[in-house]
Amino acid sequence: MKISMLGPVGSGKGTQSQRISEKLNYARIATGDLVRDQIEADSELGRELKGYSDRGELVPDEVILDLVRPHLNPAGGWILDDFPRTIEQARILDEELERRGVSLDRVVMLDGPDDDELIERVTSGRRQSLATGRVYHLENDPPPDPMEGTDPGPFVQRDDDTEEALRNQLESWREEAEAIKEHYEKKGILTIVDAGKDVPEITDDILDALGNPQRR
Ligand code: AMP
């Protein structure tokens, strides 16, 4: 299946797309990670993108499309995490997939908590592993003991986890969300999932929405 996981910052897209991709053995294509890879590589593009990311502003559509395009493999299952984030990205994605003879099977939109709660969730405990890029939350999805060997960490707070950057991200999400919702509703592939529940319950709701595909 080809899936897109959307929602405001702090709604748990990263956590859920990781869990679903691990359960179904699907590739996960996280546009935020593609942006951070460029920043870490300290390329010319990376230096330009750091400004957008630190401010919580969206990277221009053409740039994000260039980063995503090579990953849109027509074979096999994948989950897009945080893409499309504008209605223009949604339209271009449709065209890109059509050219490859495929289309999105399901768009999962996480929704529910208000902006203050979303910001509180992120600032109170989001951590990212510098080793694997995996996102954790100190309370809701704690990082493993590095001695276990699954992820050695270190687990750090992201540079863009500031209240100002988070408010900017929420504002741009709210500006685009309705149009994106309508776009996929019309296609009959949208499922809205309550992001206010516990992490495992949300995963179950998403798997239900996907028709409980079997592990490959
Ligand atoms: P995230 O890890 O999803 O919170 O994304 C981190 C940053 O990457 C965002 O604040 C944006 O600057 C950029 N970004 C991620 N996904 C997109 C997207 N689909 N369109 C534009 N910018 C994006």
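What comes next is a walk through the structure. (Residues numbered from 1 in each chain as written. Predicted model: local features only at pLDDT ≥ 70, side-chain atom pairs only at ≥ 80, totals over all residues. Heavy atoms only, no water.)

Check the secondary structure of the protein and you find 8 helices and 8 strands. At 16 Å, the protein has a C-alpha radius of gyration in line with the 17 Å of a compact globule built from 216 residues. Going through the 216 residues of the protein one by one, you find that 50% of them count as buried. If you take every contact in the protein between residues at least 6 apart in sequence, the share linking residues at least 24 apart comes to 73%. As displayed, the protein has an accessible area near 10600 Å², and 45% of this comes from carbon and sulfur atoms. (Helix = DSSP H or I, 4+ residues; strand = E, 2+ residues; numbered from the N terminus. Rg over C-alpha atoms; globule rule 2.2 N^0.38 Å. Buried < 20%, exposed > 50% of the residue type's maximum accessible area, 1.4 Å probe, protein only. Contact = heavy atoms within 4.5 Å. Areas by Shrake-Rupley, 256 points an atom, 1.4 Å probe, with all protein chains shown as cover.)

Structurally, D161 is set in the loop between β7 (155–156) and α7 (163–187). Among the residues examined, D161 registers a relative accessible area of 7% and is labelled buried. Side-chain polar atoms of D161 contact the side chain of R126, separated by 2.7 Å. Apart from the residues lying within four places of it in its own chain, the contact partners of D161 are V122, T123, R126 and L166. (Polar contact = N/O pair within 3.5 Å; in protein donor to acceptor, adjacent residues only side chain to side chain.)

The next thing to look at is the side chain of Q169. Checked against the element boundaries, Q169 lands in helix α7. The residues touching Q169, leaving out its near neighbours within four places in the chain, are V9, G56, R85 and D160.

Turning to the site of the ligand, a few remarks are in order. Surveying the vicinity of the ligand reveals 16 residues, the closest of which are T31, R36, E57, D82 and Q89. Between the ligand and D82, the relevant distance is 2.5 Å, taken from an oxygen atom to a side-chain nitrogen or oxygen of the residue. Taking 490 Å² as the accessible area of the ligand by itself, protein coverage stands at 96%. Looking at the shell around the ligand, the element that brings in the most residues is helix α2 (residues 31–41), giving 4 residues. Among the residues making up the shell around the ligand, the classes are represented as 5 nonpolar, 5 polar and 6 charged. (Near = heavy atom within 4 Å. Nonpolar A, V, L, I, M, F, W, Y, C, P; charged D, E, K, R; others polar.)

What follows deals with the packing of helix α1 (residues 13–24) against helix α8 (residues 199–209). To characterise two packed helices, one gives the angle between the axes of the helices and the distance between these axes. The contact between α1 and α8 brings their axes to 10 Å, and the two run at 60 degrees. Classed by the angle they form, the pair α1 and α8 counts as oblique. Crossing geometry of α1 relative to α8 is assigned as right-handed. For the pair α1 and α8, the contacting residues are T15, Q16, R19, I20, K23 and L24 in the first and V199, P200, I202, T203, I206 and L207 in the second. (Axes fitted to C-alpha atoms, helices over the stretch in contact; angles between N-to-C directions. Parallel < 35°, antiparallel > 145°, perpendicular 65-115°, else oblique. Left-handed = near helix turned anticlockwise from the far one by under 90°.)

Time to look at the sheet that holds strand β5 (residues 126–129). The 3 strands lie next to each other as β6-β5-β7, forming an open sheet whose pairing is antiparallel. For this open sheet the edge positions go to β6 (135–137) and β7, each flanked by a neighbour on one side alone. As paired elements, β5 and β6 share 3 bridges and run antiparallel to each other. Bridge pairing in β6 places R127 opposite Y136. (Pairing = 2+ DSSP bridges.)

The subject of this paragraph is the pairing of strand β1 (residues 2–6). Taking burial as the measure, the 5 residues of β1 include 5 buried ones, the bulk of the element. Of the two faces of β1, both are covered, the one formed by K2, S4 and L6 as well as the one formed by I3 and M5. One ladder, built from 4 bridges, connects β1 with strand β4 (residues 106–111); its direction is parallel. Counted as the bridge partner of L6 is M109 from β4.

Take it as geometry only, folks, not as evidence of what the structure does.
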